[in-house]
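# Topology and contacts: notes
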Amino acid sequence: MNDKEELIKRKIVGLFHDPPWKPWVISGEIKIDSLCKEGIREFDGDAHENQGLTVAMKILGATPEEIKRLKDYVHESDVLSAALDRYLNPREEKVAQTEKVNILNPDLDLRYPLEVKPKDIDGFVCEVIETSEKLKNAGADLTLLYNYLYGNIELIWYKYNDKALPLADTRVKTYSVFDHLYSTTSLLNWFDGKAFEGYLVKVDIPAVQDIISRSRKIYDLWGGSWLVSALLFYTILPFIEKYGADVVLSPFMGLNPFFHSYLRSKLEELNLDPNEYDYMSDFDASQPVMPATAYLALPKDEKDVEKKIREYYLSAWRKIVDAVPVDEKVKKELEKIKDYPIVPIRVSVKNVHIDINKSDADLVIEFDKLFREEFEEPKVKFSYGIPAYPL
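Residues numbered from 1 in each chain as written. Predicted model: local features only at pLDDT ≥ 70, side-chain atom pairs only at ≥ 80, totals over all residues. Heavy atoms only, no water.

Bringing the side chain of His-48 into the picture now. Here His-48 is to be found in helix 3 (residues 47-60). On the basis of relative accessibility, which here comes to 7%, the residue His-48 falls in the buried class. Separated by 3.4 Å, the side chains of His-48 and Asp-18 make a polar contact. Residues contacting His-48, with those up to four places away along its chain left out, are His-17, Asp-18, Pro-19, Lys-22, Val-25 and Ile-26. (Helix = DSSP H or I, 4+ residues; strand = E, 2+ residues; numbered from the N terminus. Buried < 20%, exposed > 50% of the residue type's maximum accessible area, 1.4 Å probe, protein only. Polar contact = N/O pair within 3.5 Å; in protein donor to acceptor, adjacent residues only side chain to side chain. Contact = heavy atoms within 4.5 Å.)

One pass over the structure, following the stated rule, counts 26 salt bridges. Between Arg-69 and Glu-66 there is a salt bridge, and its shortest N-O distance comes to 3.8 Å. With Arg-69 and Glu-66 both in helix 4 (residues 64-88), this residue pair falls three residues apart, about one helical turn. Among the residues examined, Arg-69 registers a relative accessible area of 33% and is labelled partly exposed. (Salt bridge = Lys/Arg side-chain N within 4 Å of Asp/Glu carboxyl O.)

Under the defined criterion, the tally for this structure stands at 16 aromatic pairs. On the numbers, 5.0 Å between centres and 55 degrees between planes, the contact of Tyr-150 with Tyr-182 is tilted. With Tyr-150 in helix 6 (residues 142-160) and Tyr-182 in helix 7 (residues 177-187), this pair connects stretches of sequence that are 32 residues apart. Since its relative accessible area comes to 2%, Tyr-150 is described here as buried. Tyr-182 gets classed as buried once you look at its relative accessible area, which sits at 7%. (Phe/Tyr/Trp six-rings, centres within 6.5 Å; stacked < 30°, edge-to-face > 60°.)

Considering the arrangement of structural elements, one finds Lys-338 in the loop between helix 13 (328-335) and strand 8 (346-355). Engagement of the side chain of Lys-338 in a polar contact is seen with the side chain of Asp-322, the distance being 2.9 Å. Not counting the four nearest positions on each side in its chain, Lys-338 is found in contact with Leu-314, Trp-317, Arg-318, Val-321 and Asp-322.

Okay, the packing of helix 1 (residues 3-16) against helix 7 next. Orientation of helix 1 relative to helix 7, taken along the N-to-C sense of each, is 160 degrees, at an axis distance of 8 Å. As far as their axial angle goes, helix 7 and helix 1 are roughly antiparallel. Every pair of crossing elements has a handedness; the one defined by helix 1 and helix 7 is right-handed. Across from Lys-11, Gly-14 and Leu-15 in helix 1, the residues of helix 7 making contact are Leu-181, Tyr-182 and Thr-185. The residue makeup of the contact of helix 1 with helix 7, split by class, is three nonpolar, two polar and one charged. (Axes fitted to C-alpha atoms, helices over the stretch in contact; angles between N-to-C directions. Parallel < 35°, antiparallel > 145°, perpendicular 65-115°, else oblique. Left-handed = near helix turned anticlockwise from the far one by under 90°. Nonpolar A, V, L, I, M, F, W, Y, C, P; charged D, E, K, R; others polar.)

With that settled, the discussion passes to the pairing of strand 7 (residues 293-299). If a strand is regular, its side chains alternate between the two faces of the sheet. Across the seven residues of strand 7, five count as buried, placing the element largely inside the fold. Both strand 5 (residues 195-204) and strand 7 contribute to a ladder of seven bridges, which runs antiparallel. Paired with Asp-204 across the strands is Thr-293, a residue of strand 7. (Pairing = 2+ DSSP bridges.)

Summing up the model confidence of the protein chain, the mean pLDDT is 87 and the portion of residues at 70 or higher is 88%. Low pLDDT (under 50) marks residues 383-391, which in the prediction has 21 contacts with non-local residues, meaning those over four places away or in another chain. (pLDDT = per-residue confidence, 0-100.)

Together, Val-324, Val-326 and Val-330 give the surface a local cluster of nonpolar side chains, amounting to about 170 Å² of exposed area. Along the chain, Val-330 turns up in helix 13. Since its relative accessible area comes to 35%, Val-330 is described here as partly exposed. (Patch = residues over 30% accessible without salt bridge, like charges linked within 9 Å, V, L, I, M, F, W, Y side chains within 5 Å. Areas by Shrake-Rupley, 256 points an atom, 1.4 Å probe, with all protein chains shown as cover.)

Of all hydrophobic cores here, the largest spans 92 residues; its most connected members are Trp-21 and Ile-240. A per-element tally of this core places helix 9 (residues 218-243) first, with eleven residues. Once residues within four sequence positions are removed from consideration, Trp-21 is found in contact with Ile-30, Ile-32, Leu-35, Gln-51, Val-55, Pro-118, Ile-121, Phe-124, Val-125 and Trp-157. Of all hydrophobic cores here, the second largest spans 13 residues; its members include Trp-190, Phe-196, Leu-200 and Ala-297. (Core = buried A, V, L, I, M, F, W, Y, C linked by side-chain atoms within 4.5 Å.)

Here it is in structure tokens:
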């Protein structure tokens, strides 16, 4: 087993280490003895952890011993993710499991009747396990399986439990179990067993306003915006295919139409009906919803990061140029610009090294410093459509 396969296995365990029904198990409102007609395995964890890890074991087809080993790696990322939240939200009293507020504006909230609880946990578990088996039998590799789960796990949960919004911490109203799972899997990109090490990368397409300001008609405005969105997505896609969608810290990929369009194309390659398996089939990549900037959490084993991103950017530009449906005369003109993307790309890379043997307060300070400090961004000069440096 190679390092990449090991990492993806950890992430699948990380995606289920806290199951969506966790808060109701902790509160004692529900008790689960079996999932999808099978008993719960014991992994030396709390009841909800044993339940989630049982699901992960079924998806991976792993032994209990392997799940326990993977769980140990997930544990550190889980603890760090939770520690950051608990330090920033030092509350002791519990809040109602029926309300979630917007973290940026607490006046915006979602409220549900007090009696709401998950109504079909088995339906969710059975579909996740059965769909995973169908994908594997159709030829999906482990990373594609993980990407599918990352993009659809939340949507499948609400299919069967549409009003059961699970708070990750019953003392805090701002984030759900799913938010915590995504955070945990992202941190796994950096955890090597001893410390959190790797790269925090900022990928930026500059001069977006310059591109948009040259629009003469409405479809020019859409075209310029869409071009930036598509360029950024296809530039970061190789990392998504290699490490999983959680490698993109921002924008969030789980509910992103570009990401789901990619998933549907992969399902079609496996001769699986995307309308049956992908829960965002009503949304496509026709709208420019990707921003011009992305932040990535790359493992420390990834080499030549900046060089690779520039190569991926050029490849993305060529892909878009080749896809333009035009006649032969215009095609010849387009050939002249295939090596010259519309604007240069900016890539900034920070080294990450955070020791796990620190207090919650020190960890918060380390991460706050990591994300707040300005990147050393290269200045770029260009004439419109002509990069100032070779790609």
